[in-house]
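Residue-level listing of the chains:
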Amino acid sequence: MAAAEPKSPAAAGAAAARRLARGCWSAFWDYETPKVIVVKNRRLGIVYRTVQLLILLYFVWYVFIVQKSYQDSETGPESSVITKVKGLTLSEHKVWDVEEYVKPPEGGSVFSIITRIEVTSFQTLGTCAESMRVRNATCDSDEDCVAGQLDMLGNGLRTGRCVPYYHGPSKTCEVSGWCPVEDGASVSQFLGKMAPNFTILIKNSIHYPKFQFSKGNIENRKDGYLRHCTFHEVSDLYCPIFKLGYIVEQAGENFTELAHTGGVIGVIINWDCDLDLSASMCNPKYSFRRLDPKHIPASSGYNFRFAKYYRINGSSTRTLIKAYGIRIDVIVHGQAGKFSLIPTIINLATALTSIGVGSFLCDWILLTFMNKNKVYSHKKFDKMVDAPGGGAGPGLCASEPSQQDCTLTDGRGLAQL
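Quick notes on the rules
- Residues numbered from 1 in each chain as written.
- Predicted model: local features only at pLDDT ≥ 70, side-chain atom pairs only at ≥ 80, totals over all residues.
- Heavy atoms only, no water.
- Disulfide = S-S within 2.5 Å.
- Helix = DSSP H or I, 4+ residues; strand = E, 2+ residues; numbered from the N terminus.
- Buried < 20%, exposed > 50% of the residue type's maximum accessible area, 1.4 Å probe, protein only.
- Patch = residues over 30% accessible without salt bridge, like charges linked within 9 Å, V, L, I, M, F, W, Y side chains within 5 Å.
- Areas by Shrake-Rupley, 256 points an atom, 1.4 Å probe, with all protein chains shown as cover.
- Salt bridge = Lys/Arg side-chain N within 4 Å of Asp/Glu carboxyl O.
- Axes fitted to C-alpha atoms, helices over the stretch in contact; angles between N-to-C directions.
- Parallel < 35°, antiparallel > 145°, perpendicular 65-115°, else oblique.
- Left-handed = near helix turned anticlockwise from the far one by under 90°.
- Contact = heavy atoms within 4.5 Å.
- Nonpolar A, V, L, I, M, F, W, Y, C, P; charged D, E, K, R; others polar.
- Lys, Arg positive; Asp, Glu negative; His and termini not counted.
- Charge placed at Lys NZ, Arg CZ, Asp CG, Glu CD.
- Core = buried A, V, L, I, M, F, W, Y, C linked by side-chain atoms within 4.5 Å.
- pLDDT = per-residue confidence, 0-100.
- Expected span 1.5 Å × (residues − 1).
- Arc of directions from axis to C-beta.

Describing the state of the cysteines
Part 1 of the argument: Inspection of every chain in the model, using the stated rule, returns five disulfides.
Part 2 of the argument: Within the chain, bonded cysteines paired by disulfides and numbered along the sequence follow the pattern 1-6, 2-4, 3-5, 7-8, 9-10.

Spelled out as structure tokens, the structure:
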């Protein structure tokens, strides 16, 4: 016979390309189906069941019981807040009522209760010495003061003269404005003596539009209940009348110190409602905390200024008041939930899918760390070629004909696992 002629490089390349193309198309059209193998290994079985149990406990306890993921939820209820303060207090010079120490008086969710004031009385438009607290206000002669200079943190327009300060030997530049300036003639008055007994009514109502659910924090009674009750979280939950001293105490603050420096206290009302239960189980929860950073001196405390104007002998006069107080911020938030089929199905499907993590972990241990990992890999992954004529016999394990255990029923291979 004549010897076969060697194939040219071009023909060999074409054949390789055809084999690669057939392999790509085969990978595209192949179907993979799981194969179940029982591995008689006690330690691996314990790991497998432990992982499954932990996943099951996570979904049952945390996802479904704690997080209530079987419910449709709504956060941020629509809310209204109305407040009212009552009480009288004394200073060194007068009796103060609600109309004078509550700012603003509209009864909204944010208001201030004045506990200390610094009063500068009988200010009139004229010229006087600038405050020593203003930058570059001190001087030795008129040359140190520039006429017409205006400091945004000062009290008026400089006239160019250097004049004696209100007390002591110092001098400051003269300004044209409301005189005398605050630092030169202010008098401090403390209003906080009776302030801990002030009562604050906080009327709050909420609405969850998704569930058409509304509720308020005042008990519906007609016997004058609100006239003689104060808040107690057990016996009088629906009497939202709080003493100012109680609010400050619950926020962990010293009332006397807070009254002198001022501060901001948050009254947080939380409405977390499980609407699968009765409406009576949806109750407000109150908490209190200080909102301004008291440990940072530059930004702690709370004060503001306002003035009262009047005329004396035809000239404009005013009383300037720097007020220190306790600002109350009423903050309302919450979440409502109710059973819904869609989130329930989604979370159940997630739970069932997550249980497969145990199989993935155990397969990784077997393929990586077990002594019989090659035997396991051979028994786990089989290739079947669909032979012509519909049978799989001749095509079974066609890619690995040299292996001895190449049938589907191989007792020896399973025994080695």
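Thoughts on unusual backbone geometry
Part 1 of the argument: In the segment running from Lys103 into Pro104, the intervening peptide bond is cis, with an omega of -15°.
Part 2 of the argument: Position of Pro104 relative to the elements: it lies in the loop between β5 (102-103) and β6 (110-129).
Part 3 of the argument: Each neighbour pair has its own omega, and for Cys179 with Pro180 the value is -5°, a cis peptide bond.
Part 4 of the argument: Locating Pro180 in the fold gives a position in the loop between β8 (171-179) and α4 (182-185).
Part 5 of the argument: With a phi angle near 50°, Lys68 is a residue other than glycine that sits in the positive phi range.
Part 6 of the argument: Mapped onto the fold, Lys68 is located in the loop between α2 (42-66) and β1 (71-75).
Part 7 of the argument: Judged by its relative accessible area of 29%, Lys68 is partly exposed.
Part 8 of the argument: Even without glycine at this site, Asn313 takes up a positive phi of about 55°.
Part 9 of the argument: Along the chain, Asn313 falls in the loop between β15 (303-312) and β16 (315-339).
Part 10 of the argument: Classification of Asn313 as exposed rests on a relative accessible area of 81%.

Overview of a nonpolar patch on the surface
Part 1 of the argument: A contiguous nonpolar surface patch, about 690 Å² in accessible area, is contributed by Leu56, Tyr58, Val60, Trp61, Tyr62, Ile65 and Val66.
Part 2 of the argument: Among the structural elements, Ile65 can be located in helix α2.

Some remarks on the packing of α2 against helix α8 (residues 357-368)
Part 1 of the argument: Close contact between α2 and α8 brings their axes to 8 Å; oriented N to C, the two are set at 150°. Comparing their axes, α8 and α2 come out roughly antiparallel. The element α2 and its partner α8 pack so that their crossing is right-handed. When α2 is examined against α8, the residues Leu44, Val47, Tyr48, Val51 and Ile55 are found in contact with a partner set consisting of Val357, Gly358, Ser359, Leu361, Cys362, Ile365 and Leu366.
Part 2 of the argument: Grouping the constituent residues of the contact of α2 with α8 by class yields 10 nonpolar, two polar and no charged.

With respect to the pattern of salt bridges
Part 1 of the argument: On inspection of all chains with the given rule, the structure shows nine salt bridges.
Part 2 of the argument: Between Glu100 and Lys94 there is a salt bridge; the shortest N-O distance is 2.5 Å.
Part 3 of the argument: Of the charged contacts in the structure, one is a salt bridge between Asp329 and Arg327, with a shortest N-O distance of 2.8 Å.
Part 4 of the argument: Because the salt bridges share partners, they merge into one network encompassing Glu253, Arg290, Asp292 and Lys294.

Quick word on a negative patch on the surface
Part 1 of the argument: A cluster of like negative charges, contributed by Asp140, Asp142, Glu143 and Asp144, occupies part of the molecular surface.
Part 2 of the argument: If you trace the backbone, Asp144 turns up in the loop between β6 and β7 (156-164).

Section: the nonpolar core
Part 1 of the argument: One finds Tyr101, Leu244 and Ile328 to be the most contacted residues of the largest nonpolar core, which totals 48 residues.
Part 2 of the argument: If you list the elements that add at least two residues to this core, you get β2 (78-86), β6, β10 (199-208), α5 (244-250), α6 (255-261), β13 (263-274), β14 (285-290) and β16.
Part 3 of the argument: In contact with Tyr101, not counting residues within four places along its chain, are Val85, Lys86, Gly87, Leu88, Thr89, Trp96, Ser112, Ile113, Ile114, Leu191 and Phe198.
Part 4 of the argument: Of all hydrophobic cores here, the second largest spans six residues; its members include Val51, Phe59, Val63 and Ala351.

Overview of the confidence of the model for the chain
As a note on interpretation, predicted positions should not be read in detail where pLDDT is low.
Part 1 of the argument: In the predicted model, the chain carries a mean pLDDT of 83, and 82% of its residues have values of at least 70.
Part 2 of the argument: The low-confidence segment residues 390-417, where pLDDT is below 50, has 31 contacts with residues more than four positions distant or belonging to other chains.

A look at α8
Part 1 of the argument: Look at α8: 16 Å from first C-alpha to last across 12 residues, which is about the 16 Å you get at 1.5 Å a residue.
Part 2 of the argument: All of the buried residues along α8 are Gly358, Cys362, Ile365 and Leu366. Taken down its axis, α8 places every buried residue within 95° of arc, on the same side.

A short note on a positive patch on the surface
Part 1 of the argument: A surface patch of like charges, here positive, comprises Lys84, Lys86, Lys203 and Arg227.
Part 2 of the argument: On the secondary structure map, Lys84 appears in strand β2.

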